[in-house]
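Remarks on the overall topology
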Amino acid sequence: DAGITQSPRHKVTETGTPVTLRCHQTENHRYMYWYRQDPGHGLRLIHYSYGVKDTDKGEVSDGYSVSRSKTEDFLLTLESATSSQTSVYFCAISARADEETQYFGPGTRLLVL
Amino acid sequence: DAKTTQPPSMDCAEGRAANLPCNHSTISGNEYVYWYRQIHSQGPQYIIHGLKNNETNEMASLIITEDRKSSTLILPHATLRDTAVYYCIVRGGGSNYKLTFGKGTLLTVNP
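A brief report on the enclosed structure follows. Here the structure is a predicted model, which is why all the values come from computation and not from measurement. Along each chain, numbering runs from 1 in the same order as the chain's sequence is written. In the order they appear in the text, chains get letters beginning with A and ligands get numbers beginning with 1. Local features in a predicted model are, by the rule used here, given only for residues with pLDDT of at least 70; side-chain atom pairs are given and counted only at 80 or more, and totals for whole chains, interfaces and linings are based on all residues. In computing side-chain values, all of the structure's heavy atoms are included and hydrogens and water are not.

A word on the overall build of chain A. Working definition: helices are DSSP H or I runs of at least four residues, strands are E runs of at least two. Numbering for both runs from the N terminus. Along the backbone of chain A there are 0 helices and 11 strands. Reading the helices (α) and strands (β) of chain A from amino to carboxyl end gives β-β-β-β-β-β-β-β-β-β-β. A compact globule built from 113 residues would reach a C-alpha radius of gyration of about 13 Å, and chain A, at 13 Å, matches this within 12%. Dimensions along the principal axes, computed over C-alpha positions, put chain A at roughly 35 × 30 × 25 Å. Relative accessible area decides the class of each residue, using a 1.4 Å probe on protein chains only: under 20% of the type maximum gives buried, over 50% gives exposed, and in between gives partly exposed. The burial tally for chain A puts 50% of its 113 residues in the buried class. Contacts: residue pairs with any heavy atoms within 4.5 Å of one another. Summarising the internal contacts of chain A: among those between residues at least 6 apart in sequence, 55% fall at separations of at least 24. Two things to know: the radius of gyration comes from C-alpha atoms, and the globule rule equals 2.2 Å times the number of residues to the power 0.38.

Right under this line is the structure:
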């Protein structure tokens, strides 16, 4: 299995509070991704990174920001959590963007009350 | 990326081969077929991918039809631990970052 960890694995927070999720990889892969998974929607891309300090938006980026100061870490921040951001969040990595396999982390379950 | 169609669910007896079909009739020449699976509550797991030739690895075989409009994932000897949702994804070459997961096929392996 690819060396990907996510922290925390579970979190309960209140509406309006900031939340940061961390993805850590030991594979030295260039590309990192954040997805969310909700019933009826499958996995949807939030943000991705194609290098240190290089990030771009995915299809559901509103309300989220990301940062990547080191190759191994990709942070997802909910500036002011809302109930609609209750979801399971998955981080993924890949060595290249084109036709390269993405490997997923174990996920973070976030509940916003 | 081309759209894929998979049956919502399938059953398979333990020890038998599981054959999971996928239709991707609008696939274009530079698009790959990927298969992932997701066991309940876990992250998606890569299984195999191919362009036009059949592929085999330690987990599964991928059979792509000559016209590339459909493919079949074969788990040669299914076990209870293979019970999962299987996703067939068509993904283009070039700078295409997103994996588009549809609803997949829930494969249930029965004892």
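Back to the write-up after that little detour.
What follows covers the pattern of salt bridges. Residues and elements named next belong to chain A. A side-chain nitrogen of Lys or Arg and a carboxyl oxygen of Asp or Glu constitute a salt bridge if their distance falls within 4 Å. Taken as a whole and assessed by the stated rule, the structure comprises 5 salt bridges over all chains. In this structure, K70 engages D73 in a salt bridge whose closest nitrogen and oxygen atoms are separated by 3.3 Å. A cluster of three or more residues bridged by salt bridges with shared partners is formed by R22, K70 and D73.

Interface size is commonly expressed as the accessible area that is lost once the parts come together. With 20 residues of chain B in contact, the opposing surface of chain A contributes 21 residues. Reported buried area values correspond to the accessible surface (1.4 Å probe) lost by two parts on association, with both partners' losses combined. Across the chain B to chain A interface the summed buried area is about 1700 Å²; carbon plus sulfur atoms make up 54%. Linking chain B to chain A there are 0 salt bridges. Two N or O atoms count as a polar contact when they lie within 3.5 Å, although within protein this holds only if one can serve as hydrogen donor and the other as acceptor, and sequence-adjacent residues are included solely when both atoms are side-chain atoms. Taken together, chain B and chain A are joined by 3 residue pairs in polar contact (both at pLDDT 80 or more).

Residue and element names in this part refer to chain A. Structurally, Y89 can be placed in strand β9 (residues 87–94). Judged by its relative accessible area of 0%, Y89 is buried. When the C-alpha atoms of Y89 and R44 are compared, they prove to be 9.6 Å apart, with 45 residues separating the residues in sequence. Those residues within four positions of Y89 in sequence are excluded, and the remaining contacts are Q6, L21, W34, Y35, R36, I46, Y64, L76, L78, G107, T108 and L110. A polar contact is formed between the side chain of Y89 and the side chain of Y64, at a distance of 2.7 Å.

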